Structures are given as C-alpha cells and as structure tokens.
Amino acid sequence: MNTPASDQAILGARLEELEESARTIREEAHGSTITYSPKVFIPLTQLCRDRCGYCTFAKAPARLAAPYMTPAEVLQVAKAGKAAGCSEALFTLGQSPEDRYPAARDWLDSNGYASTVDYLAAMCRLVVDETNLLPHANAGAISYDDLTLLRRVTASQGMMIETLDGELQAHHGAPDKDPAVRLATLAAAGRATVPFTTGLLVGIGESRQSRLAALRSIAGSHREYGHVQEVIVQGFLPKPGTAMRGAPPCTEEELRWTIAAARVILPGEVHVQSPPNLTDSHAGLLRAGIDDWGGVSPVTIDHVNPERPWPEVEFLRRTTESEGFELAPRLTVYPAYAGDPERWLDPAMRFAVLANSDAAQYARSDHWSPGSGLLPPALVPPHVVPTAPGAPARSALAARSPTRSAPTNSAPALAVPSAPALPAPAVTHRRVRGHGHIREVLAGVAMGQRADAPELLTLFGARGQDLRAVIELADDLRSTDVGDAVTYVVNRNINYTNICTFKCRFCAFSKGPLSLNLRGEPYLLSLDDITEKVRQAEVAGATEVCLQGGIHPSFDGNYYVEVLDAVRRGSPTIHIHAFSALEVHEGARRCGLDLTEYLLLLKEHGLSTLPGTAAEILSDDVRAVLCPDKIRTAEWLEVHQVAHSIGLRSNITIMFGSVEQPRHWVGHILATRALQGETGGFTEFVPLPYVHMGAPLYLQGRSRQGPTFRETLLMYAVGRIAYRGYIDNVQASWVKLGVEGARQTLLAGANDLGGTLMEESISRAAGAVHGQAFDIDDFLAITDPIGRPLRQRTTLYKVPSAAA
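One structure accompanies this document, and this report is about it. Note that the structure is a prediction, hence the values are computed from the model and not measured. All residue numbers refer to positions counted from 1 along the written sequence of the respective chain. Reporting of local features is limited, given that this is a predicted model, to residues whose pLDDT is at least 70; pairs of side-chain atoms are given and counted only at 80 or more, and all residues count toward the totals for whole chains, interfaces and linings. Excluding hydrogens and water, the side-chain figures rest on all heavy atoms present in the structure.

1. Description of the overall build of the protein
Put simply, DSSP H or I for four residues or longer makes a helix, DSSP E for two residues or longer makes a strand, and each gets a number counted from the N terminus. Regarding its fold elements, the protein presents 29 helices and 19 strands. Burial classification: accessible surface area is computed with a 1.4 Å probe over protein chains only, and a residue below 20% of its type maximum counts as buried, one above 50% as exposed, and the rest as partly exposed. Residues counted as buried form 60% of the 804 residues belonging to the protein. The criterion used for residue contact is that any of the two residues' heavy atoms lie within 4.5 Å. At a minimum sequence separation of 6, the contacts of the protein that also span at least 24 residues come to 78%. Carbon and sulfur atoms form 53% of the exposed surface of the protein, whose accessible area is close to 29,800 Å². The method behind every accessible area is Shrake-Rupley, applied with a 1.4 Å probe, and residues are considered shielded solely by the protein chains displayed.

Quick look at the structure:
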C-alpha cells in the first residue's frame, strides 16, 4: 500500500484509503495499545485576556465567585482525584488575565504572586507535594522563561495550535491565537525540553489545506526538538451564548479525515488523540487512526465543554476491545519521555513520575504493591472446581485433596551438556486468544515453538484480554507439564547476620555497625545459635534449612565452612540450601581459592544446593543502580555454572519492579535459560517482586513502588512460557504476594509455594506484612478455593521420606 505523502496526494485520497494508511502507521508505531490518562481537571482561573468566538470557559470577573481557585480548593479537587485513582492533574486556565482584568491583578498582588503563571507553578508544586499527582499545565502561548518555570513542577505542558489561518473570525478578539505567537511557544517548549501536547481545532472556518500546513509545522518542530508527545484533533461544537453559536459543527467525516491526515503526516512516535466526550462515533475515531483517548476524569467535568460528560472508562474499554485493541492507562507524560528522565524531566519531578509508573512507563494499573497487605485486583478469572458430567458444580472448599500425597514431578538427572529438548506441543483445552502480535506469539507457543526475545517482550506488554490470554495459556502449560499439584517444602530460614559491607540500595535488611537508626539492630548469630535453630527446625518437621546473610566484615571464606559444620551438628541429614552467589564468590576470594575449589570444599562440608539470590536483575546497567559494588552478571552466572558442574543444583530468582524495564526481564530470562541449556542444574524459577516500603532506594526517591499486580502475574505466566522445556517449576513467594496474590499466580503458571520458612526476615525488614511463617493450613487457604491438591516435597522436588 502506498501511503499518501504530499498534500496533493492526501487531499486527493478517498477517506477509506487515507484511514487505511493511518491504521497501518499506527500499528507499526504503537501496536494494539490504545491509551488514556486518568485525570482530574483543575480550572485554576476562568479569566482570560483573549476573546475566542467559540469559548464558554472564559468568563468575566462579575460571573465568578473569585478570580482564582484558592490553594485549599485546588488541593480538595486534587485529593479527590487521587482517591479516585487519577495520576494526572490537568491545570487549565485563561491566558494572562491580569493584563486585562484589575481584579486578577489585585488578587495576585494581595496573595504574593507576580503573575498567573507564577501562581500556577505554586499550585502545581502543592499538588505534587501533597498528592503525588502529575501536573499538566495548559497555560497558553507563554514564553521560554515561563515554560522553564513550569517545567520544574510539571510532567508535561500543552498549548493547542488550533489553526495557522490568521484571518478567521473566531480569533479576531484573541491576540494570543496569532499563528506566529503559537508557533513561537511550540518552538520554545522544544528548546526547554518540555514534553508537549498540541493540536488542531477542526471546523472553525479553516480549510483542509490549512490543517495540513499546521500539521506539517508541528511535525517540523518535533523533528527539530523531539518534544511533541501528542497531537489532539478536536472537532468544533457550537455553544449557546458564543459568537459562533450558529456555525455548523465539525462533521464526523471532517474529523476522521483530519485524524487520518495527522497520522500520515506526523512522525510515527507522535501520538494522535481525539477527545472521547466530543464524539458519538468512538469506533470511527479508532478506525481513523487515533491511539489515545486523552484525559478522562472520574471526578470532574470537562470545564471547557461542560455540556459533554466524560464517557465511563469501562465504556471506552469495551469499545476499544471491540475494535481489536487493548486499553491502557498512561501518565500525562508518555512512556518515551518518562523513560528518559535525565533529558525530559526536571530532577524535582522524576520521583513523582517514577512512583506513578509501571515498568513500561505507563500509569500503574492498580494500587497494589508487594508486601503491602492490600488485596490485589482480581485479574485471573475465578475457576470452578470440575465435577462429573451432569453433576452440579461444587465449591473448591469441598474438593480438598490429601495434604501430603506424592508429587508427580521429580527432579530430573543433573548435568546435560546439550540444551534440553522442548516437550511435544500441548493441546490446550482452550482456544488461544488475544490480539495481533500477542495472539501470534501465543499460537506459536501452543504449537511448541520457543519464545525468544521479541516474543517475550511482546508478552510482557499484554493487558486486558491479551493478559487473560497469556495467563490462560501459561496455566494450560503448567497443567500439561507438571499437573495440578501445588507443592511446598517444610523449611526454616536462618539469616545469620544482617551486618553487611556491601551497599545494595534496595536492601532494608542489611545494617552497618552504626545503623541503629534503621529497622532493627545489627546482629550476628553464634555458631551455637545456628546449631540450635537447626535442631528446632528438624523437630518441627523441616527437611531443609535455608541459610543466607550479609557479608560481615570479619568473615573469611572459612566462616561459611564453619556454618555448614554448625548445621551438621544440629542435624546430620537435613538438606542445606545455602549461600548466595555473592557469598560464594566473596568466600572464595577471601580464601584465595578458585570457585571450583571453594564450592567443592563447601560441598564436602554438607552444602546441598544454592539459592538463586543476589541475581536481582542480570543486567549490569541495572545493577549499577541497584547494587554497584555487588558481583556482576557474568560472575553470578559463573558461580552457578561451576556449582552445576560439580553436582550442586540451584534455582533462578529475579527481583523485579524497582528501576528496570521489561527488556531487562527478557535479558535475565534468556541469560539463565541459556545456562540451563548447558547445565540442566536449575530446579525452579522464583520471581521476587520488589518490596519498596523500607527500601533505601525508594526512600531516596529513586525507585518505583514495586511491580503492579498485572506485571507480577505476567512474570509468572511469561516465566512458565519462556522456561518451558528447560525448567518445570515456577515458585510463588507468599511472603511478598500474600494469600490472594499467591492464589492468582497458581492460576497463571506457578505450581509451587516455596517453604514454610518459620523465620522470614528479609522481606519483613523491607516492610512486608504477610508474616514470618506458614503452616499447612495457611497453604491450604491458598489452594483449597481453586481446588488444587497440596503436596509436600523436598528441595529437589522429590517425596520426603517421612511423607512417602
């Protein structure tokens, strides 16, 4: 298909041809995601020095109770928006009213503000400080200095170009609508590196040729500065009481033609939006090429178009999905700009954007955070326990299975030099669903194809119906590969010290000798303490002890040997799952041994398996932020490769939701999958969602609030898909997820609940509230409602001798 490029070609194309070109460009640039911004509308002042022939927003002082909203009024609206789940505070106001109305000048003087923009900046700062909402300021045609002032307190700004036709009757009373003035502000925003919104007002007397000229000017400015994040195409609607009350409204055909032309002319990365409350043909706008619905408020009216209520988000979702797209909430600053904060965001605004973001820089889709105690959203459809044909459905609570029947998945033999073969394709009991590229990826996986980097990155972007499709396939693969049993191990955590010489910026557990002001006091267990804890664990039925701790400044490599000996004094047989790759690497260094020699020494003294901790995110760029003095990616992989080579198995962890992006998740998965293809030594994949509440990185304003629950479920589901044929077991962390969160992961690809722990410290130090220990009844509370049998296992997924 030839995309019309010249004005002549666009003007001569049929609407259907233009829209087809627009849709193709949109799909290539933005896929199947349609966005909107959950916002609250703050009309700071309705006074304006301009008089536009179509505007009912601007009013004279006599028609207003006060020239400006007070700070208390601003904050009341912002807090209502925050409570309703908004992320954007849209400040709309008239242009420089103090230049026209003495009442405005007097109010500003009496309240200590030099200008309307000065007051606007103060209110934006107030909203950020008190609510963490992200201000977007529509202050009109303002100067570079004013744009720079507002940049310090906003995430984005905007000004409609409207038209470049300077002879329209609509703007005769509005000097700030002069095309040269508007274009100067657009360019100044680019020089000030402000993520900027602009747009056209269609149907106020301009020609199609004029619209194309305006679009080409916007495109040219963006190519010079890269700052135009979106272009709004808005249709004119006449309003009573205005000079243009008798003018005809913009027709649907003109609006759609202009949307399609905008999509064809503008660079692909620039988003195209049309307000959803100003149309009765929402599907038509999607077919014309929009990829964004703009701001939608659950709290406030559209003060510029008060006669046109916002559509409900669920209506937009249904409409969007009916056209084959998925709806996603975004921030007022688009992902490409939020993902490059050093260029596009003032330092004072970066944490507010980060705190409102998910890993792809969209708006957080829920208020849940790992370890917080908040119930996660119900993203996995409820399952009904199957019954015999013709029999009434029964509740899952009535379907309890024996608590300690033998697991069906035992540990495979260790050490295979070649990559394991993928299993035969599964015949799923559900038809593969989803849209576009996600459906293509899922269909390939269902046929037995391996998902690599592009496919995995696509799956991590799933939302709405696509999210459910990914989860359903992962659940089917789990059922096919390991059955319905949910496994757990009876174990005890022993964290022998929280004193650490390393300074991981996410860790709230480790303490320096002088950090008594932090959560808990520094401690170091004696070897006798460790022995006693092991004895207690074995008496309580534990088959495993898991030992990890900080890297104490006094430790030499022999300390870890002494810990193993202390464990063996407490129990000659208990499985010792111990020492992160950091501890092993540091122990070998301090002993002056190579990794093989040191791991053989540890194995000789009883080490049975290694945990996969200290992996965090296996990307050195991310590690430079999270743990700059810790072992690097290659060193973590080397420790586990050497461990596998001498017969020690281990697992894979990933700590996600802090500062990294989905591409880093993919890199982590592929690096560990490649190693598993060489050694076969990993037993399980253990996603560990980042608990932010007590993490130093979050408290310093440098991380997100952990993953959203959508991202958390995707980590389990995509992990099941990615490791298929390599690793059978996917473990849910009840400590971080809670009961309901863990239950949903079991319907999204997970098959294991980890250990009873008996004494969990690390997540609790970061602020997690889900407890330190679980017993069988706690696990049954997770598995019973979904009708899944619970089975005890050993560390290596075999049957404990006591339960055989």
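2. Some details on the environment of Asp99
With respect to the helices and strands, the residue Asp99 is situated in the loop between β2 (88-93) and α4 (102-110). Judged by its relative accessible area of 54%, Asp99 falls in the exposed class. Polar contacts, as used here, are pairs of N or O atoms within 3.5 Å; protein pairs need one atom able to donate a hydrogen and one able to accept it. Residues neighboring in sequence count only if both atoms are side-chain atoms. Reaching out from Asp99, the side chain makes a polar contact with the side chain of Arg49 at a distance of 2.5 Å.

3. Digging into the sheet that holds strand β19 (residues 790-792)
Two strands pair if DSSP finds at least two bridges between them. Read across the sheet, three strands follow the order β18-β10-β19 without closing on themselves; strand pairing throughout is parallel. Of all strands in the sheet, those bounded by a partner on one side alone are β18 (752-755) and β19. Put simply, the sheet's adjacent strands are angled 20° from each other on average, direction ignored. Think of each axis as a best-fit line through the C-alpha atoms, taken over the contacting stretch in the case of a helix, with angles from 0 to 180 degrees between the N-to-C directions. Strands β10 (486-489) and β18 of the sheet are contacted by helix α27 (residues 734-746), whose axis makes an angle of about 160° with β18.

4. Quick look at the pattern of salt bridges
Note on definitions: salt bridges are taken to be side-chain nitrogens of Lys or Arg within 4 Å of carboxyl oxygens of Asp or Glu. In the structure shown here, the tally under the stated rule is 37 salt bridges. In this structure, the salt-bridge partner of Arg287 is Glu323, at a minimum N-O distance of 2.8 Å. In this pair, Arg287 is assigned in helix α10 (residues 282-288) and Glu323 in the loop between α11 (313-322) and β9 (326-329), connecting sequence segments 36 residues apart. Of the residues examined, Glu323 reaches a relative accessible area of 23% and is grouped as partly exposed. With a closest N to O distance of 2.4 Å, Arg743 and Glu740 form a salt bridge. With Arg743 and Glu740 both in helix α27, this residue pair falls three residues apart, about one helical turn. Its relative accessible area of 14% is what places Arg743 among the buried residues. Accessibility expressed as a relative area gives 24% for Glu740, which makes it partly exposed. Taken together, the shared-partner salt bridges connect Glu206, Arg208, Arg211 and Glu254 into one network.

5. Focus: the side chain of His222
Within the secondary structure layout, His222 lies in helix α8 (residues 208-225). Taking relative accessible area as the criterion, His222 reaches 5% and is therefore assigned buried. Polar contacts involving the side chain of His222 include one to the main-chain amide nitrogen of His227, which spans 3.5 Å. For His222, the contacting residues outside a window of four places in its chain are His227, Val228, Pro267, Glu269, Val270 and Tyr337.

6. With respect to the packing of aromatic side chains
The pairing test for Phe, Tyr and Trp rings, Trp by its six-membered ring, is centres within 6.5 Å, and the orientation test on the planes gives stacked under 30 degrees, edge-to-face over 60, and tilted for anything in between. According to the stated counting rule, one finds 20 aromatic pairs in the structure shown. Measuring from ring centre to ring centre gives 5.0 Å for Tyr488 and Phe779, while their planes differ by 40°; the resulting arrangement is tilted. Pair noted here: Tyr488 is in strand β10 and Phe779 is in helix α29 (residues 776-783), with a separation of 291 residues, a long-range link. Comparing Tyr488 with Phe779, the two get one shared label, buried.

7. Considerations on helix α17 (residues 464-482)
Given a helix with a known number of residues, its expected span is that number minus one, times 1.5 Å. Compared with an ideal rise of 1.5 Å per residue, which puts 19 residues at 27 Å, α17 spans 27 Å between its outermost C-alpha atoms and is within 8% of the ideal. Judged by how many residues are buried, α17 sits mostly within the fold: 14 of 19 residues are covered. Phi turns positive, to about 80°, at Gly483, one or two residues after α17.

8. Observations concerning the layout of surface pockets
It is the rolling of a water-molecule-sized probe over the atoms that shows where space remains empty. A 1.4 Å probe that fits into a set of points on a 1 Å grid over the protein atoms alone but cannot get out defines a cavity; an open set with protein on both sides within 12 Å along at least five of seven lines defines a pocket, and lining residues are those with an atom within 4 Å of a point. Grid points are joined across faces, edges and corners, and a volume is the space filled by probe spheres set on the points. Roughly 1,100 Å³ of volume is contained in the largest pocket. Taken together, 44 residues form the lining of the largest pocket, with Ala29, His30, Gly31, Thr33 and Tyr362 sitting closest to its centre. Looking at the lining of the largest pocket, the element that brings in the most residues is helix α2 (residues 15-30), giving five residues. Polar here means any residue outside two lists: the nonpolar Ala, Val, Leu, Ile, Met, Phe, Trp, Tyr, Cys and Pro, and the charged Asp, Glu, Lys and Arg; Gly therefore counts as polar. Its residues assigned to classes, the lining of the largest pocket shows 17 nonpolar, 15 polar and twelve charged. For the second largest pocket, the calculated volume is near 970 Å³. Put simply, the parts of the chain that give the lining of the second largest pocket at least two residues each are β1 (33-45), α11, β9, α14 (347-356) and α17. Looking at the lining of the second largest pocket, its residues break down into 18 nonpolar, eleven polar and nine charged.

9. Comments concerning the pairing of strand β16 (residues 682-689)
Two faces belong to every sheet, and in a regular strand the side chains alternate between them. Across the eight residues of β16, eight count as buried, placing the element largely inside the fold. Across six bridges, strand β15 (residues 649-656) lies against β16 in parallel orientation. Pairing of Thr653 across the sheet is with Val686, part of β16. Taking the sense of rotation as the criterion, the β-α-β connection linking β15, helix α24 (residues 662-679) and β16 turns out right-handed. The path from the first strand over the helix to the second decides the hand: if it runs clockwise while the strands point away from the viewer, the crossover is right-handed.

10. Topic: the environment of Leu278
With respect to the element layout, Leu278 can be found in the loop between β7 (271-273) and α10. If near-sequence neighbours (up to four positions away) are discounted, Leu278 is found in contact with Gln234, Leu237, Asn305 and Arg308.

11. Some thoughts on the side chain of Glu98
Examined against the element boundaries, Glu98 turns out to sit in the loop between β2 and α4. Just so you know, the count uses Lys and Arg for positive and Asp and Glu for negative, and it drops His and the chain ends. For the buried residue Glu98, which engages in no salt bridge, the nearest side chain bearing the opposite charge is Arg105, 4.7 Å off. Non-local contacts of Glu98, meaning those with residues more than four positions away in its chain, are made with Tyr68, Ala104, Arg105, Leu108, Ser115 and Thr116.

12. Examining unusual backbone geometry
At Asn132, a residue that is not glycine, the phi angle is positive and equals roughly 65°. With respect to the helices, strands and loops of the structure, Asn132 is situated in the loop between α5 (116-131) and β3 (134-138). Non-glycine residue Phe579 carries a positive phi angle of around 75°. As for its placement among the helices and strands, Phe579 is situated in the loop between β13 (575-578) and α20 (581-591).

13. Some thoughts on the pairing of β2
Among the six residues that make up β2, six are buried, leaving the element largely enclosed by the rest of the structure. The side-chain alternation of β2 yields two buried faces, one formed by Glu88, Leu90 and Thr92 and the other by Ala89, Phe91 and Leu93. Note: β1 against β2, six bridges, orientation parallel. Bridge pairing in β2 links Val40 to Ala89. With five bridges joining them, β2 and β3 adopt parallel strand pairing. The partner of Thr92 across the bridge, within β3, is Asn138.

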